[in-house]
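Residues per chain are reported as follows:
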Amino acid sequence: TRSRIARSHWLPSVDVETRLGYLGLEDEPTATSATDVTPVAEVLLVAKLELFAGLRNHWQVEAAESAATAAESRLKQEILAAISDVERAYRNLKTTEERVDVESGNVNLAKEYYAAVLEEYKRGYKNSYDLSGAADRMFAVREAREKYKYDFLVDKLKLERNINTRIAVKVIPEETDVPNK
């Protein structure tokens, strides 16, 4: 690229100048009055070639080269930052997905515990306080799972917006009913 930048300063530059309109009486020798003036269009092609510019071209090449290097470095940094952001968002998504799985397992355990306490309550071994505690625990675990499901969906949408495509992840498990014993 250095030679291309250097050569570009030595090549001739070509400019086009145009004039269009009514020229005054002094510019049109055949006109005798202001009504005799006709519209005129002029096109001028100007070519410029610098034969010697001292070290100006050298310093222009150096400045252009350093600007190109800086832009390339910024682009690489932005690409690396974007890749890092996507990887971090994907790891967060997978962590939240695993947390949903764990909470689903906790919900199943809490339901089994509630079913066991209910059976004991029916037989008269547990009191209503124990049954209420088991129910509260089951609902708290369900609430936590729903919170993580929501976080999972929010993280998934953020990641999909960042990479502008849909992500294939396994479906969030639905609650399974534990049969009463």
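Everything numeric here is computed off the predicted structure, so don't read it as measured data. (Residues numbered from 1 in each chain as written. Predicted model: local features only at pLDDT ≥ 70, side-chain atom pairs only at ≥ 80, totals over all residues. Heavy atoms only, no water.)

So, about the pattern of salt bridges. Opposite charge on two side chains permits pairing when their charged atoms draw close. Per the stated rule, a full pass over the model turns up 9 salt bridges. Between D85 and R88 there is a salt bridge, and its shortest N-O distance comes to 2.6 Å. Of this pair, D85 and R88 both sit in helix α2 (residues 56-123), 3 residues apart, which is roughly one turn of that helix. Taking the relative accessible area as the measure of exposure, D85 reaches 37% and is therefore partly exposed. According to the relative accessible area criterion, R88 is partly exposed, its value standing at 41%. Where D151 meets K147, a salt bridge forms, and the shortest distance between an N and an O atom there is 3.1 Å. You can see D151 and its partner K147 sitting in helix α3 (residues 128-163), 4 residues apart, about one turn around the helix. A single network of salt bridges, built from pairs that share partners, joins R145, E146 and K149. (Salt bridge = Lys/Arg side-chain N within 4 Å of Asp/Glu carboxyl O. Helix = DSSP H or I, 4+ residues; strand = E, 2+ residues; numbered from the N terminus. Buried < 20%, exposed > 50% of the residue type's maximum accessible area, 1.4 Å probe, protein only.)

Let's shift gears to the packing of aromatic side chains. Enumeration over the complete set of coordinates arrives at 0 aromatic pairs. In this arrangement the basic side chain of R137 is found over the ring face of Y113, its NZ or CZ atom lying 5.0 Å from the centre. Lying across the ring of Y148, K147 places its NZ or CZ 4.5 Å from the centre. (Phe/Tyr/Trp six-rings, centres within 6.5 Å; stacked < 30°, edge-to-face > 60°. Lys NZ or Arg CZ within 6 Å of the ring centre and 35° of its normal.)

This next bit is on a nonpolar patch on the surface. A grouping of V14, V16, V43 and L45 is seen on the molecular surface, where their side chains present a nonpolar patch of about 430 Å² in accessible area. Structurally, L45 can be placed in strand β2 (residues 39-48). (Patch = residues over 30% accessible without salt bridge, like charges linked within 9 Å, V, L, I, M, F, W, Y side chains within 5 Å. Areas by Shrake-Rupley, 256 points an atom, 1.4 Å probe, with all protein chains shown as cover.)

Bringing the environment of N162 into the picture now. With respect to the element layout, N162 can be found in helix α3. Residue classification places N162 among the exposed positions, given a relative accessible area of 54%.

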